[in-house]
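Examining the three-dimensional arrangement
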Amino acid sequence: MKSLWETDPEVALAVENEALREELSIILIASENYASEAVLQAQASVMTNKYAEGYPGRRYYGGCSYVDTVEKLAINRGKELFGAEHINVQPNAGTAANMAVYFSVLNPGDTILSMNLSHGGHLSHGAMVSFSGKFYKTFFYGVSKETGRIDYDEVEYLAKKYRPKLIIAGASSYSRIIDFKRFKEIADLVGAYFMADIAHIAGLVAAGIHPSPIPYADFVTGTTHKTLRGPRGGFVMCKSKFAKTIDQAVFPGLQGGPLMHVIAAKAVAFKEAMSEKFKKYQYQIVKNAQTLADSLKEKGFKIISEGTDNHLFLVDLTEKDITGKEAEIALDNAGITVNKNVIPYDEKPPTITSGIRIGTPIVTTRGMKEKEMKQIAFFIAKIINNLGEEEVYNEVLEKVKKLCLSFPVYHNQIRKERLDNDLKQIAVRL
Ligand code: DSN
């Protein structure tokens, strides 16, 4: 980062501080990950300079041979990784990928059936505050109050009642396997299109740990930066018969020049995801989530649906008599990063919430395993059970940093002297 330090020390310092924060915190945000050095290098490359509106071999600019190479690699690898007939790797985000599907098969005013945001769904699946809720008429299914799991009979009942044109499966805080086959059967019953949004579970699907929606869904959207561990961005896959309409919906429908540096990094991430190492990594993410959930349960925490099949779970703090917001702030004081999250049937608003969402992709990327998950559960319990106790926060903070130092990530992103100084100071305090 020599040039950045010389040109703009303020930005350089913020970037370095972020690297240090990521290095020294236990990050349990389910939708985040640490991209590999190879992904970061591709994303920080000269490919950011190139305009390439259009698709490989069909661009509106000259000089596209090398960006064509990376986009073709991303397309071919994405198709192979997921077994998809067609993939568009240009969406800048998961929401843009979803938008492309809506714009290709829906008209304003058409009806969608999707998962309730407050039960684990996503804003872009028809929430009123999103374009999707303003453009389309959306009805929502949820999870059962007793089991915390999707009630597929309710989905079928609502589909028959409202006859949606599109049914969406996929969530941002649902910890159980999603039965894509059942969703497809329901969609067929009412003649609806079926879209699966695998933004959260893309890595698990790629590794074969979560059943794939590809055999069942007309459209599969996703992001590359969550469990998939690539650059921040989206993609949309579909059956060949929808390829042209999806490509047109992304460009020129929604976006202009694609982010070629990000597409280069997507190609790298797809390659990494094809490895045996990646499969083992995804397996460990789930094992870690299950161990962390079980350990918290043993310490008296209530877990929605009693556990997890994937990379995340929700903790219901109602009986602990604290809010998600309070827990998020308290844990942050001790170097543990989570996000407050509404739980199904929450009586508190999304700015307060009765729960927190916990995910294990990042700590697993660091190489942490079951032993460390038990330690993390101990830290979380200690903080939540001693809310407001500064001494306890500091005690846990030091232990968190010590644990993080044993599982380094981005040491080379931080100036050596800074690293030595900060880490030495931390070591002294330990
Ligand atoms: N904001 C993402 C998440 O945290 O799940 C979803 O878009």
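Before any of the text, the structure's been laid out above.
Calculation notes
- Residues numbered from 1 in each chain as written.
- Predicted model: local features only at pLDDT ≥ 70, side-chain atom pairs only at ≥ 80, totals over all residues.
- Heavy atoms only, no water.
- Helix = DSSP H or I, 4+ residues; strand = E, 2+ residues; numbered from the N terminus.
- Buried < 20%, exposed > 50% of the residue type's maximum accessible area, 1.4 Å probe, protein only.
- Polar contact = N/O pair within 3.5 Å; in protein donor to acceptor, adjacent residues only side chain to side chain.
- Contact = heavy atoms within 4.5 Å.
- Near = heavy atom within 4 Å.
- Areas by Shrake-Rupley, 256 points an atom, 1.4 Å probe, with all protein chains shown as cover.
- Nonpolar A, V, L, I, M, F, W, Y, C, P; charged D, E, K, R; others polar.
- Patch = residues over 30% accessible without salt bridge, like charges linked within 9 Å, V, L, I, M, F, W, Y side chains within 5 Å.
- Salt bridge = Lys/Arg side-chain N within 4 Å of Asp/Glu carboxyl O.
- Expected span 1.5 Å × (residues − 1).
- Axes fitted to C-alpha atoms, helices over the stretch in contact; angles between N-to-C directions.
- Parallel < 35°, antiparallel > 145°, perpendicular 65-115°, else oblique.
- Left-handed = near helix turned anticlockwise from the far one by under 90°.

Notes on the side chain of Asp316
With respect to the secondary-structure elements, Asp316 resides in strand S12 (residues 312-316). By relative accessible area, which is 9% here, Asp316 ends up buried. In terms of polar contacts, Asp316 uses its side chain to reach the side chain of Thr318, at 2.4 Å. Setting aside anything within four residues of it in sequence, one finds Asp316 in contact with Lys302, Ile304, Ile343 and Ser354.

Description of the site of the ligand
Close to the ligand lie Ser31, His122, Ser172, His200 and Arg357, which account for all nearby residues. His200 places a side-chain nitrogen or oxygen 2.7 Å from an oxygen atom of the ligand. For the ligand, the accessible surface in isolation is 230 Å², of which the surrounding protein chains cover 62%. Of the residues belonging to the shell around the ligand, the class tally is no nonpolar, 4 polar and 1 charged.

Re a nonpolar patch on the surface
A contiguous nonpolar surface patch, about 220 Å² in accessible area, is contributed by Met1, Val11 and Val15. Structurally, Val15 can be placed in helix H2 (residues 9-24). For Val15, a relative accessible area of 37% translates into the label partly exposed.

Observations concerning helix H15 (residues 370-384)
Along an α-helix, residues three or four positions apart point the same way, because every turn accommodates 3.6 residues. Here H15 spans 21 Å end to end across 15 residues, near enough to the 21 Å set by a 1.5 Å rise per residue. Those residues of H15 not exposed but buried are Glu372, Met373, Ile376, Ala377, Phe379, Ile380, Ala381, Ile383 and Ile384.

A word on the packing of helix H7 (residues 152-162) against helix H8 (residues 180-190)
Their axes nearest at 9 Å, the elements H7 and H8 cross at an angle of 20°. The angle between H7 and H8 places the two elements in the roughly parallel class. Crossing of H7 against H8: the hand is right-handed. Judged by residue contacts, Tyr152, Asp153, Val155, Glu156, Ala159 and Lys160 of H7 engage Arg182, Phe183, Ile186, Leu189 and Val190 from H8. Counted by class, the contact of H7 with H8 contains 7 nonpolar, no polar and 4 charged residues.

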